[in-house]
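Here are the chains, one letter per residue:
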Amino acid sequence: MGIKVDVEHFATSGSATADFVIGRGGRGRAYIIVADGLWEAWEEVDCTIADEHVDYRIIGRTPTYKYDRMEKVAKLVQEGARRIGTKPDVRGPSGQGINPPCGALVTPIQPISCVHPYFVDRPNPLMIRTVLRRIGVYSADTFMVGDRMDTDMIPGTVVGMRTILVLSGVTAYQDVGAYAFRPDYVIEHAGEIPVEAVT
């Protein structure tokens, strides 16, 4: 599409979570249940990864969330570890259909504590504002492209971006009518992004 994208223009829920903790003066200990991406992000910010006496309990999407790890998380929560989740989604698309992302993994621990985890990624507009500031652009000059009305189109609208809903993921066309607002564009897949949106 003729768009030059460098590696510094990429941000993930893992890097946003690490940025959030460090941005608030945190350089403590964290117990992390995530895939490789968040491990790498935490290593870059020089945070100590531990399994006891931790300041943070962080859960991201991972295929290795077993019962013994749930027990460990429950213990850390009761000891006062601050609870952070990378993304609140409870269902997500995969090559095999719908799978359980981070939000679904956090849910079994919720009854143990009356304090909900803080989710850094969308629909929290914090991540979007952080990325816009990092790459030096204004929200009015930017499009949010995503496949979900709840975690993509809502935060994009909140921060003043124009929005493009792609129907190749979670949200179906008939779902759009349930929301009080509409995306600027609704397309079948990313290859249909209109020229005026990128010029």
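Please read these numbers as outputs of a predicted model, since none were measured by experiment.

Novice: Honestly, the overall build of the protein chain in this entry has me stumped. Any pointers?
Specialist: Of regular secondary structure, the protein chain possesses 6 helices and 10 strands. Within the protein chain, buried positions represent 43% of all 199 residues. In the protein chain, of all internal contacts separated by at least 6 residues, the share reaching a separation of at least 24 is 55%. When the accessible surface of the protein chain is totalled, it reaches about 11100 Å², and 53% of it is carbon and sulfur.

Novice: Would you mind going over a nonpolar patch on the surface with me for this structure?
Specialist: A contiguous nonpolar patch, built from I3, V5 and F10 and spanning about 310 Å² of accessible area, is present on the exposed surface. Tracing the backbone shows V5 in the segment before α1 (13–23). With relative accessibility at 47%, the residue V5 sits in the partly exposed group.

Novice: In this structure, what is going on with the nonpolar core? I would like to understand it.
Specialist: Buried together is how nonpolar side chains tend to be arranged in soluble globular proteins. Grouped together as the largest cluster of nonpolar side chains are 14 residues, with contacts concentrated most on Y31, I33, V54, I59, Y65 and V73. Those elements that provide at least two residues to this core are β1 (29–33), α3 (67–78) and α4 (102–106). With 3 residues, α3 is the single largest residue contributor to this core. When neighbours within four sequence positions are excluded, V54 is seen to be in contact with R29, A30, Y31, L76 and A81.

Novice: Explain the pattern of salt bridges to me, please; I cannot follow it from the model alone.
Specialist: Side-chain pairs of opposite charge can arise whenever the charged atoms involved come near each other. Under the criterion given, the structure shown has 2 salt bridges. The salt bridge partner of K4 is D6, with a shortest N-O separation of 2.7 Å. Classification of D6 by relative accessible area gives partly exposed; the value is 26%. For D150, the salt bridge goes to R148, with nearest N and O atoms at 3.0 Å.

Novice: Please explain unusual backbone geometry as it appears in this structure.
Specialist: For residues other than glycine, phi is negative in most cases, and the peptide bonds are mostly trans. If you check the backbone angles, H53 has positive phi at about 50° while not being a glycine. Of note, H53 is situated in the loop between β2 (48–49) and β3 (56–59).

Novice: Just checking my understanding: could you explain helix α5 (residues 125–135) for this structure?
Specialist: One turn of an α-helix holds 3.6 residues; hence residues three or four places apart share an orientation. By the burial criterion, the buried members of α5 are M127, I128, V131 and L132. Seen end-on, α5 carries its buried residues on one side only, within an arc spanning 130°. Taken from the residues just after α5, G136 is the one with a positive phi, measuring 70°.

Novice: What exactly am I supposed to notice about the environment of I187 here?
Specialist: Positionally, I187 belongs in strand β10 (residues 185–187). By relative accessible area, which is 6% here, I187 ends up buried. Linking I187 and Y173, residues 14 residues apart in sequence, is a C-alpha distance of 9.3 Å. Leaving out residues up to four positions away in the same chain, I187 has contacts with I164, L165, V166, L167, E192 and I193.

Novice: Would you mind showing me how to read the pairing of β1 here?
Specialist: Here β1 lies mainly inside the structure; 4 of its 5 residues are buried. Relative to β2, β1 is paired through 2 bridges, and the arrangement is parallel. The residue bridging R29 from the neighbouring strand is T48, located in β2. Relative to β3, β1 runs parallel, the two being bridged by 4 bridges. Residue pairing across strands places I32 opposite I58, the latter belonging to β3.

Novice: Explain the sheet that holds strand β8 (residues 143–146) here, please?
Specialist: Adjacent strands of a sheet pair through backbone hydrogen bonds, lying either parallel or antiparallel. Here 3 strands make up an open sheet; going across it, the order is β8-β9-β10 and the pairing parallel. Of all the strands in the sheet, the pair left with one neighbour each is β8 and β10. Between one strand axis and the next, the sheet turns by 15° as a mean value, whatever way the strands run. Looking at chain direction, strand β9 (residues 162–166) and β10 are connected through 3 bridges and run parallel. Along β10, the bridge assignment pairs V166 with I187.

Cut-offs applied
- Residues numbered from 1 in each chain as written.
- Predicted model: local features only at pLDDT ≥ 70, side-chain atom pairs only at ≥ 80, totals over all residues.
- Heavy atoms only, no water.
- Helix = DSSP H or I, 4+ residues; strand = E, 2+ residues; numbered from the N terminus.
- Buried < 20%, exposed > 50% of the residue type's maximum accessible area, 1.4 Å probe, protein only.
- Contact = heavy atoms within 4.5 Å.
- Areas by Shrake-Rupley, 256 points an atom, 1.4 Å probe, with all protein chains shown as cover.
- Patch = residues over 30% accessible without salt bridge, like charges linked within 9 Å, V, L, I, M, F, W, Y side chains within 5 Å.
- Salt bridge = Lys/Arg side-chain N within 4 Å of Asp/Glu carboxyl O.
- Core = buried A, V, L, I, M, F, W, Y, C linked by side-chain atoms within 4.5 Å.
- Arc of directions from axis to C-beta.
- Pairing = 2+ DSSP bridges.
- Axes fitted to C-alpha atoms, helices over the stretch in contact; angles between N-to-C directions.

Everything listed here is a matter of coordinates, which is why it stays silent on function.
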